[in-house]
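Chain residues, written in single-letter form:
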Amino acid sequence: MEGGVTVADKAEFKECLRLTWTQPYILRLVLSAGIGGLLFGYDTGVISGALLYIRDDFSAVEKSTVLRETIVSMAVAGAIVGAAFGGWMNDKFGRKPSIIIADALFFGGAMIMAFSPTPAVIIVGRVFVGLGVGMASMTAPLYISEASPARIRGALVSTNGLLITGGQFLAYLINLAFTKVPGTWRWMLGIAGVPALVQFVLMLMLPESPRWLYRKGRKEEAAAILRKIYPANEVEKEIDALRQSIDDEVFLEGSIGEQGLIGKLRKALGSKIVRRGLMAGVIAQVAQQFVGINTVMYYSPTIVQLAGFASNNTAMALSLITSGLNAIGSIVSMFFVDRAGRRRLMLISLVGIVVWLAVLGGTFLGAAHHAPPVSDLETRMFANQTQTCPEFNPNVHWSCMDCLKASSTCGFCAHQGDKLLPGACLALNDASRGTCRADHREFYTEGCPNNFGWLALIGLGAYIVSYSPGMGTVPWIVNSEIYPLRFRGICGGIAAVANWVSNLIVTQTFLSLTKALGTSATFFLFCGVSFLALILVFFTVPETKGLQFEEVERMLESKDYKPWKRYNGGDVEPVKKSSEIGLAEP
């Protein structure tokens, strides 16, 4: 259906491979626009590794969890504004200019970060990158959808999701590649400007979306593009389909009326269908973030260090596992979402998330309980070479965890022979770190040495495996299917903003929570929130698998509507005439 997000099956992927081979222009369009998804994924992944080295270069960043959170989350804040502004730009100026402007913002942000003299300038660069990400995240799939043949649209739009997870994996690889290069984090963040520049050049040579052109009355230009996309014997049929689709869309928009945003919102919320759909859509989007996924995506190497792996290189190498599993999960989702169903896949995913977050919480609790003690003798060995932790009192029993929680910010220098034996508690600075490592010891600043680290990695991997095929992709599919066509723009925008705002809340608070509550309590908190999300999804999100948009409307309007009840097309009465124009009674 024109404008809807379709989910690809195996037959569609086979047809996609055949058609892109015979019509290479399609592949050029899709891959050029899909770089936006790659940029989105790269930004999500690259900051997690770069943050480790920014922290080493700027003592203010190392000593302030809020500053670290701000560096990460300002891109999310920028994305909220970028997505909102991008929606207006898409309609006003077209898909192509919106992607080009997003590339310019992303390139500018990457250069600002690469040459940043202070953390404040890094934050400015992150805002610019976020604006570009927000615009690209909504424009790239829209451009692909509108420039794709209908029968393979789902497969081609799915490539954008694959490129997002592929970009995350690429970011971890590049992070690992630059760990030994002078400038480390500057290269990691600056290299993102390369794909943005490539897409900028490619988009200058590509056409505007034929659908946007047709809506603006530039019908001959739209027809010329369609002739490049479709075989000659299909062009006229596709032009007729496009004309009919846009005529229907204009008619539906006329049924809403030109009342402005507030008027449209009031009219939408006056419909029982929209209220029920919006409740399901927003809850699905908020749940997607509040189960804690972006703590893993943005802070994966930090979490690995919290699990007891001190080395930056080791933390980033192990983080490749999480990004790889996330990419695999997005592929798995394509094959199961139409078999298992949207609702069932989300519920199964949430059950797994709850279980593995509980395991992670228990693992970090055990690690904290068995943290090695601080030795007065070991600490005094460094007294003449560096500053010991000001709060350390040899008459009070301290463990490594007590050392890391000291208000003046301290680090734990592990025992030289066995890291589980008593070590030294030192002030956190370059001198302490250097002196400790010069003595062939490991210096811990996030987590403590323990024997539970590998169990934490297994739990982290299992959490990703549970999340990615279900909660990772299904909320977006549900939101593409559950709203009436005439209100899809405004409702989809509300749900997307809810997703980004929830992302911002989680990203801005994770490190502060680990400091205030402890790592184990933070994961237990996410476990409790995920259990609440499981209950809310069960009682609010219906199954939309196999239903046409009109059948979804009839289901939501039904007097005996129950989200946990499976509806078929003939189970409910046809939509009343009033609801067909958005006037269903509250």
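The shown structure was predicted, so the numbers you read here are calculated from the model rather than taken from an experiment. (Residues numbered from 1 in each chain as written. Predicted model: local features only at pLDDT ≥ 70, side-chain atom pairs only at ≥ 80, totals over all residues. Heavy atoms only, no water.)

Colleague: What am I meant to see in the overall build of the protein here?
Modeller: Counting its regular elements, the protein contains 26 helices and three strands. Considering the protein as a whole, with its 586 residues, one finds that 57% of them fall into the buried category. Of all intrachain contacts in the protein linking residues separated by at least 6 positions in sequence, the fraction that spans at least 24 positions is 78%. For the protein, the accessible area works out to roughly 23700 Å², and carbon and sulfur atoms hold 66% of it. (Helix = DSSP H or I, 4+ residues; strand = E, 2+ residues; numbered from the N terminus. Buried < 20%, exposed > 50% of the residue type's maximum accessible area, 1.4 Å probe, protein only. Contact = heavy atoms within 4.5 Å. Areas by Shrake-Rupley, 256 points an atom, 1.4 Å probe, with all protein chains shown as cover.)

Colleague: Looking at this structure, I do not really get the packing of aromatic side chains. What am I missing?
Modeller: Aromatic rings considered in pairs are described by the distance between their centres and by the relative angle of their planes. According to the stated counting rule, one finds 13 aromatic pairs in the structure shown. Ring plane angle 85° and centroid distance 5.6 Å describe the contact between F539 and W564, whose orientation is recorded as edge-to-face. Linking F539 in helix α24 (residues 519–540) with W564 in the loop between α25 (549–557) and α26 (577–580), this pair joins segments that are 25 residues apart in sequence. Clustering of aromatic rings is evident, with ring pairs tying together Y299, F364, F510, F523 and F526. In this structure, R343 is placed above the aromatic ring of F538, and the distance from its NZ or CZ to the ring centre is 4.7 Å. (Phe/Tyr/Trp six-rings, centres within 6.5 Å; stacked < 30°, edge-to-face > 60°. Lys NZ or Arg CZ within 6 Å of the ring centre and 35° of its normal.)

Colleague: Help me out: how do you make sense of the sheet that holds strand β1 (residues 410–413) in this one?
Modeller: Through backbone hydrogen bonds, the strands of a sheet pair up, either in parallel or in antiparallel fashion. Strand order across the open sheet formed by three strands is β2-β1-β3, with antiparallel pairing between neighbours. Looking at the sheet topology across the chains shown, the edges are occupied by β2 (424–427) and β3 (443–444). (Pairing = 2+ DSSP bridges.)

Colleague: Please clarify how the pattern of salt bridges should be interpreted in this entry.
Modeller: A side chain with one charge can pair with a side chain of the opposite charge if their charged atoms come near. Evaluation of the coordinates by the stated rule reveals twelve salt bridges. With its nearest N and O atoms 2.7 Å apart, the salt bridge here joins R126 to D43. With R126 in helix α6 (residues 119–146) and D43 in helix α2 (residues 24–57), this pair connects stretches of sequence that are 83 residues apart. For the pair formed by R126 and D43, the shared burial category is buried. A network of salt bridges, in which partner residues are shared, links D56, E62, D430 and R433. (Salt bridge = Lys/Arg side-chain N within 4 Å of Asp/Glu carboxyl O.)

Colleague: Would you explain a nonpolar patch on the surface in this entry?
Modeller: A cluster of nonpolar side chains, namely F107, L197, V201, L204 and M205, defines an oily patch on the protein surface of about 450 Å² accessible area. Counting residues per element, the nonpolar patch draws most heavily on helix α9 (residues 193–204), at three residues. For M205, the position within the fold is in the loop between α9 and α10 (210–215). (Patch = residues over 30% accessible without salt bridge, like charges linked within 9 Å, V, L, I, M, F, W, Y side chains within 5 Å.)

Colleague: What should I look at first to understand the confidence of the model for the protein in this one?
Modeller: This prediction gives the protein a mean pLDDT of 83; 88% of its residues lie at or above 70. A low-confidence stretch, residues 1–7 (pLDDT under 50), is modelled with 20 contacts involving residues beyond four sequence positions or located in other chains. Within the model, the stretch residues 573–586 combines pLDDT values under 50 with 32 contacts to residues more than four positions away or in other chains. (pLDDT = per-residue confidence, 0-100.)

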